[in-house]
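Chains, contacts and geometry: an overview
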Amino acid sequence: MSQAFTKAMARNIFYGGSVFFFLLFLALTFDTHNAWPDRDNRAAINDSVSHGKALWEENNCVGCHSLLGEGAYFAPELGNAFQRLGGKDGIKGFIMSRPKDGIPGRRSMPQFDFSPEELDAIADFLEYVSGINTANWPPNIQG
Ligand code: HEC
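Residues numbered from 1 in each chain as written. Predicted model: local features only at pLDDT ≥ 70, side-chain atom pairs only at ≥ 80, totals over all residues. Heavy atoms only, no water.

1. Regarding the site of the ligand
- In the vicinity of the ligand lie 21 residues, with C61, C64, H65, R106 and M109 positioned nearest.
- One nitrogen or oxygen atom from the side chain of R84 is found 2.6 Å from an oxygen atom belonging to the ligand.
- Note that an oxygen atom of the ligand is positioned 3.0 Å from one of the side-chain N or O atoms of R98.
- More than half of the atoms belonging to the ligand lie within 2 Å of the grid points that define the largest pocket. (Near = heavy atom within 4 Å. Polar contact = N/O pair within 3.5 Å; in protein donor to acceptor, adjacent residues only side chain to side chain. 1 Å grid on protein atoms, 1.4 Å probe; cavity = no way out; pocket = protein on both sides within 12 Å on 5 of 7 lines; lining within 4 Å. Sits in = over half its atoms within 2 Å of the grid points.)

2. Some details on helix α1 (residues 7–39)
- Counted at 1.5 Å a residue, the expected span for α1 with its 33 residues is 48 Å, and the 47 Å between its end C-alpha atoms agrees.
- Phi for N41, located one or two positions after α1, is positive at around 60°. (Helix = DSSP H or I, 4+ residues; strand = E, 2+ residues; numbered from the N terminus. Expected span 1.5 Å × (residues − 1).)

3. Section: the packing of aromatic side chains
- Inspection of the entire model under this criterion finds five aromatic pairs.
- Residues W56 and F125 carry aromatic rings whose centres are separated by 6.0 Å and whose planes lie at 50° to one another, so their mutual orientation is tilted. Here W56 is found in helix α2 (residues 47–58), whereas its partner F125 is found in helix α5 (residues 116–130), with 69 residues between them in sequence. The exposure classification of W56 matches that of F125, with both residues buried. (Phe/Tyr/Trp six-rings, centres within 6.5 Å; stacked < 30°, edge-to-face > 60°. Buried < 20%, exposed > 50% of the residue type's maximum accessible area, 1.4 Å probe, protein only.)

4. Focus: the layout of surface pockets
- As a volume, the largest pocket reaches approximately 530 Å³.
- Along its surface, the largest pocket is lined by 26 residues, and H65, A75, P76, F94 and M109 are the ones closest to its centre.
- Mapped onto the lining of the largest pocket, the elements with two or more residues apiece are α3 (81–84), α4 (88–96) and α5.
- Element by element, the count of residues in the lining of the largest pocket is highest for α4, at three residues.
- In terms of residue class, the lining of the largest pocket is built from 18 nonpolar, four polar and four charged. (Points joined across faces, edges and corners; volume = space filled by probe spheres on them. Nonpolar A, V, L, I, M, F, W, Y, C, P; charged D, E, K, R; others polar.)

5. Some details on the packing of α2 against α5
- Contact geometry of α2 with α5 gives a least axis separation of 7 Å together with a crossing angle of 100°. When the interaxial angle is binned, α2 and α5 end up roughly perpendicular. Taking contact as the criterion, the partners of S48, V49, H51, G52, K53, L55 and W56 in α2 are, on α5, E117, E118, D120, A121, I122, D124, F125 and Y128.
- Considering only residue class, the contact of α2 with α5 consists of seven nonpolar, three polar and five charged. (Axes fitted to C-alpha atoms, helices over the stretch in contact; angles between N-to-C directions. Parallel < 35°, antiparallel > 145°, perpendicular 65-115°, else oblique. Contact = heavy atoms within 4.5 Å.)

6. Considering the coordination of the iron atom of the ligand
- Every protein donor of the iron atom of the ligand is accounted for by H65 (NE2) and M109 (SD), and the metal-donor separations fall at 1.9 to 2.0 Å.
- One way to put it: the six donor atoms around the iron atom of the ligand meet at angles of 84 to 179°, and that makes the site octahedral. On the criterion of sequence distance, the pair formed by H65 in the loop between α2 and β1 (66–67) and M109 in the loop between α4 and α5 is long-range, its members being 44 residues apart. Residues H65 and M109 agree in their burial class; the two are buried. (Donors = N, O, S within 2.8 Å, 3.2 Å for Na, K, Ca; no water. Tetrahedral: all angles 85-135°; square planar, octahedral: opposite > 155°, others 65-115°.)

7. Here's the deal with a nonpolar patch on the surface
- Nonpolar side chains collect at one region of the surface, where V19, F22, L23, F25 and L26 lie side by side and expose about 510 Å² of accessible area between them.
- Inspection of the secondary structure puts F25 in helix α1.
- What makes F25 exposed here is its relative accessible area of 51%. (Patch = residues over 30% accessible without salt bridge, like charges linked within 9 Å, V, L, I, M, F, W, Y side chains within 5 Å. Areas by Shrake-Rupley, 256 points an atom, 1.4 Å probe, with all protein chains shown as cover. Salt bridge = Lys/Arg side-chain N within 4 Å of Asp/Glu carboxyl O.)

8. Some points on the environment of L24
- Turning to its location among the elements, L24 is positioned in helix α1.
- Along the sequence, L24 and T134 sit 110 residues apart, while their C-alpha atoms lie 23 Å from each other.

Honestly, it's all geometry; don't read function into it.
The following block contains the structure:
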């Protein structure tokens, strides 16, 4: 019996492998989509959270911060800022406490002059984000 590795065998491995891994890719994609409703904390989304998300975008917070790993690495990760700062009051207190002209000699966050309602919305948005099941990411409380 010949042991030659023929072109036909190579082609079959190529097509078979492509089909197998494409089907595996589809199955895992389907599995991920199925898992989202239990993990993405969608039940917590309300008008205030949406407003906070809009403020997050309008003020380009992501230009300095990362949120669940996405964004800029100039300022702290905010996916777990809710836990780190001790809840909504901690977040609002921090944002309000930023000096007008920044802190000389160090990188600091600008003062945005948000209204109380806007501050609430941002804190609600960050609370919602902190409730997303990210399989324990970020790995430590510092972000
Ligand atoms: C110009 C860059 C910049 C922008 C834009 C910015 N931040 Fe910050 N932010 C910082 C820096 C730097 C810090 C680190 C603490 C400091 O200011 O002393 C910080 C800290 C924070 C903290 C406290 C984090 C912690 O763990 O202590 C929160 C909450 C926060 N920012 C929220 C926001 C939100 C919400 C926005 C958008 C409305 C925003 N930031 C936009 C630079 C920025």
